[in-house]
Amino acid sequence: MITVATHKRDTVMGWCTSWKAWDDGTDGYYEINIVPEFLNRPFEEVCVTLLHEMVHLYCSQHDIKDTSRAGTYHNKQFKEAAEKHGLLIAQTKKGGWTDSKLNQEAAVYV
């Protein structure tokens, strides 16, 4: 399920739930959210956020533990999965391997 909803912290651009937040009575769905306050960025940057969250979804579906610290620190498993799916990842002090941008192959589609 893709949603658009505000987050209380002004640094969060999107998220993907690590549980099936939308229960349809059978299997349920994870939620990928884009924070509307960040939709006025260049289209490529919005695509980076969406792809970043899609990598979290991929990791959830494949039992890859990609974060720690309540989902705020992105580990090397996230970096590896993200780089296999069109992102270039750099490390930050607080968030780990979270700084994302499209690689050349993915940027062609923007």
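Whatever comes next refers back to the structure up there.
Residues numbered from 1 in each chain as written. Predicted model: local features only at pLDDT ≥ 70, side-chain atom pairs only at ≥ 80, totals over all residues. Heavy atoms only, no water.

**Remarks on the environment of K93**
Now for step 1: Relative to the helices and strands, K93 resides in the loop between strand 6 (87–92) and strand 7 (96–102).
Now for step 2: A relative accessible area of 85% places K93 in the exposed class.
Now for step 3: For the pair formed by K93 and Y73, sequence separation is 20 residues and the distance between their alpha carbons is 9.3 Å. (Helix = DSSP H or I, 4+ residues; strand = E, 2+ residues; numbered from the N terminus. Buried < 20%, exposed > 50% of the residue type's maximum accessible area, 1.4 Å probe, protein only.)

**Description of a nonpolar patch on the surface**
Now for step 1: A contiguous nonpolar patch, built from M1, W22 and Y29 and spanning about 310 Å² of accessible area, is present on the exposed surface.
Now for step 2: With respect to the helices and strands, the residue W22 is situated in the loop between strand 2 (14–16) and strand 3 (32–34). (Patch = residues over 30% accessible without salt bridge, like charges linked within 9 Å, V, L, I, M, F, W, Y side chains within 5 Å. Areas by Shrake-Rupley, 256 points an atom, 1.4 Å probe, with all protein chains shown as cover. Salt bridge = Lys/Arg side-chain N within 4 Å of Asp/Glu carboxyl O.)

**Looking at the pattern of salt bridges**
Now for step 1: One pass over the structure, following the stated rule, counts two salt bridges.
Now for step 2: Put simply, D27 and K20 hold a salt bridge, and the shortest N to O gap is 3.1 Å.

**Digging into helix 2 (residues 76–84)**
Now for step 1: For helix 2, the set of buried residues is F78, K79, A81 and A82.
Now for step 2: Tucked into the core, helix 2 has its buried residues touching helix 1 (43–61), strand 5 (73–74), strand 6 and strand 7.
Now for step 3: With a side-chain oxygen lying 2.9 Å from the backbone nitrogen of Q77, the N-terminal cap of helix 2 falls on N75.
Now for step 4: Where helix 2 ends, the next residue or the one after it, G86, has phi of about 100°, a positive value. (Contact = heavy atoms within 4.5 Å. Polar contact = N/O pair within 3.5 Å; in protein donor to acceptor, adjacent residues only side chain to side chain.)

**So, the layout of surface pockets**
One water molecule sets the probe size; rolling that probe over the atoms shows where empty space is left.
Now for step 1: Approximately 1000 Å³ is the volume attributed to the largest pocket.
Now for step 2: Contributing to the lining of the largest pocket are 34 residues, with G14, H52, E53, G71 and H74 lying nearest its centre.
Now for step 3: Those elements that provide at least two residues to the lining of the largest pocket are strand 2, helix 1, strand 4 (67–68) and strand 7.
Now for step 4: The element best represented in the lining of the largest pocket is helix 1, accounting for eight residues. (1 Å grid on protein atoms, 1.4 Å probe; cavity = no way out; pocket = protein on both sides within 12 Å on 5 of 7 lines; lining within 4 Å. Points joined across faces, edges and corners; volume = space filled by probe spheres on them.)

**Looking at the packing of aromatic side chains**
Two measures describe an aromatic ring pair: the distance that separates the ring centres and the angle between the ring planes.
Now for step 1: With the rule as written, the count across this model stands at zero aromatic pairs.
Now for step 2: The aromatic ring of W97 is capped on one face by K79, whose charged end is 5.0 Å from the ring centroid. (Phe/Tyr/Trp six-rings, centres within 6.5 Å; stacked < 30°, edge-to-face > 60°. Lys NZ or Arg CZ within 6 Å of the ring centre and 35° of its normal.)

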